[in-house]
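Here are the chains, one letter per residue:
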Amino acid sequence: MARYAAPGEPGSAVTYRDRYDHFIGGEYVPPARGGYFADRTPVTGEVFTEVARGTAADVDRALDAAHGAARRWGRTPAAERATVLTEIADRLEDHLDALAVAETWDNGKPIREALTADLPLAVDCFRHFAGVVRAQEGGLSQLGEDLVAHRFPEPLGVVGQLVPWSFPLLAAAWHLAPALAAGNTVVLKPAEQTPASIHVLVGLIADLLPPGVVNVVNGFAAEAGMLLAAHRRVAEVVAAPDQGGRSPVVVFADVAARRDALHERALEGFALFALNQGGPGACPSRALVQSPAYDRFLADAAERAGALRQGHPLDPGTEVGAQVGREQVDKVLSCVRAGRREGARVILGGERADLGGELSGGYYVAPTILEGDHGMRVFQEPVPGPVLCVTRFDDFDDAVKTANGTPCGLGAGVWSRDAGVAYRAARELRAGRVWVNSHHAHPAHAAFGGGRPGGNDRAVLDRYQLTKDLLVGYPEQGR
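Asker: Could you clarify how one ought to interpret the pattern of salt bridges in this entry?
Answerer: Proximity of charged atoms lets side chains of opposite charge pair with each other. In total, this model carries 19 salt bridges according to the counting rule given. Among the ionic pairs, Lys109 bridges to Asp118, the shortest N-O distance being 2.4 Å. The buried category is assigned to Lys109, whose relative accessible area is 1%. Salt-bridge contacts for Asp469 lead to Arg151; the nearest nitrogen and oxygen are separated by 3.7 Å. Here Arg151 lies in strand β7 (residues 147–155) and Asp469 lies in strand β19 (residues 465–473), a separation of 318 residues in the sequence. Judged by relative accessible area, which is 32%, Arg151 ranks as partly exposed. Salt bridges here are not isolated pairs; linked through shared partners, they connect Glu103, Lys109, Glu113 and Asp118.

Here you go:
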């Protein structure tokens, strides 16, 4: 398939505005202090739009709008809210190509990832929570002969949401879908690195929501500063989960040694997810391979990763895209240099990638594999990019000890043909989600215990609601 046309080129699926103000009360409003910042695409490094810079005054105005809409939206019947979420899902699905181009241009990830994973999951998330809230029930308890407790859910009111750069549109869906389903209004702040694609999303769904239900205030210096400073007017502030861990993948020798379909799936998981942007804390970034098959599997992994196609992110054939910005590139290369000083061996990559032509100014790092001892700092601390650190382990206890010896990220992986070993290892690993003989699935209806504000139906919906307990006396007449 041919490369998608970039924004600004003839035939592009999406057109970015020259400037984005804040979206408040159902309309775009300029920043209170008149400040804007340039938004550069990671694909070429060029400025493609400018975005309003938020201040406390902008947050206050957004909160005014959200509070003004909260009572009406909160009292909208759950079935009607569910219908709105379903309409949002349909709208996103109808504009999948446009949203994918928007996200890739803003974030740098390969468009194949946006088209086949991020955006279908975002659609699924809205549909899922539409079903959850429509099926939600209250409760009733007989506390005494004349006393009955009625329990029913109520929205929190106004919530603040901070969306990370790693999944700009999918993370927005993870945040927005349960909050809106529960009857809350939202003030959302996109990451300063990726503010523009959120506005493409908002432009598609704004007519489906009453004014003030969703408000967007763009980046400011402190990631949570302005919203948290206004916490007295916000019932809940939901941020991206801590991504500071080093998500491990444990490969036992029974998978690493035999070259078959399961072996290939394990290699694919290493290559496509460990060696990408490196943003989400659930992506594997440490690989632990059992000693008897270590050398053979490492050679296979290096060959598979070396064959990945790094190119224009809007080309559906591209497997490795760009980093989100220049600062990200600098951090990745700094971590690699630090690893080399510690004695880590570079098996693959380790340098900035110059893809030539219009991509020369973009932010690209070659997929990198480092080999060394798990005690090295580069194995212990987050590496924000396409860097996989590989080490060996001897037996089951050694694998668990090594994997848990570093703060884990949100997810972990286990590969073994022995169901008992796989189950025991998955239970022992300290991570919110563990993939067994699979990698990186994020269905909306599956629980995610790692703290992400999305994924599990009741647990997440409950986060955005409070339970009203109404005690009612029903005295018998004439008593």
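Asker: Is there a simple way to think about the nonpolar core in this case?
Answerer: A general feature of soluble globular proteins is that nonpolar side chains tend to end up buried together. Core analysis: the biggest nonpolar cluster contains 73 residues, and Phe126, Phe129, Leu180 and Leu209 have the highest contact counts within it. The dominant element in this core, judged by the number of residues it contributes, is helix α4 (residues 111–135), at 12 residues. The residues contacting Leu209, other than those within four sequence positions of it, are Trp73, Val84, Ile88, Leu180 and Val214. With 22 residues, the next largest nonpolar core counts Leu262, Phe297, Ile369 and Leu388 among its residues.

Asker: Looking at this model, I keep getting lost on a negative patch on the surface. Mind explaining?
Answerer: The grouping of Asp394, Asp395, Asp397 and Glu428 at the surface amounts to a negative patch. Looking at the secondary structure, you find Asp395 in the loop between β16 (387–393) and α13 (396–404). For Asp395, a relative accessible area of 41% translates into the label partly exposed.

Cut-off values and rules
Residues numbered from 1 in each chain as written. Predicted model: local features only at pLDDT ≥ 70, side-chain atom pairs only at ≥ 80, totals over all residues. Heavy atoms only, no water. Salt bridge = Lys/Arg side-chain N within 4 Å of Asp/Glu carboxyl O. Buried < 20%, exposed > 50% of the residue type's maximum accessible area, 1.4 Å probe, protein only. Helix = DSSP H or I, 4+ residues; strand = E, 2+ residues; numbered from the N terminus. Core = buried A, V, L, I, M, F, W, Y, C linked by side-chain atoms within 4.5 Å. Contact = heavy atoms within 4.5 Å. Patch = residues over 30% accessible without salt bridge, like charges linked within 9 Å, V, L, I, M, F, W, Y side chains within 5 Å. Areas by Shrake-Rupley, 256 points an atom, 1.4 Å probe, with all protein chains shown as cover. Lys, Arg positive; Asp, Glu negative; His and termini not counted. Charge placed at Lys NZ, Arg CZ, Asp CG, Glu CD.

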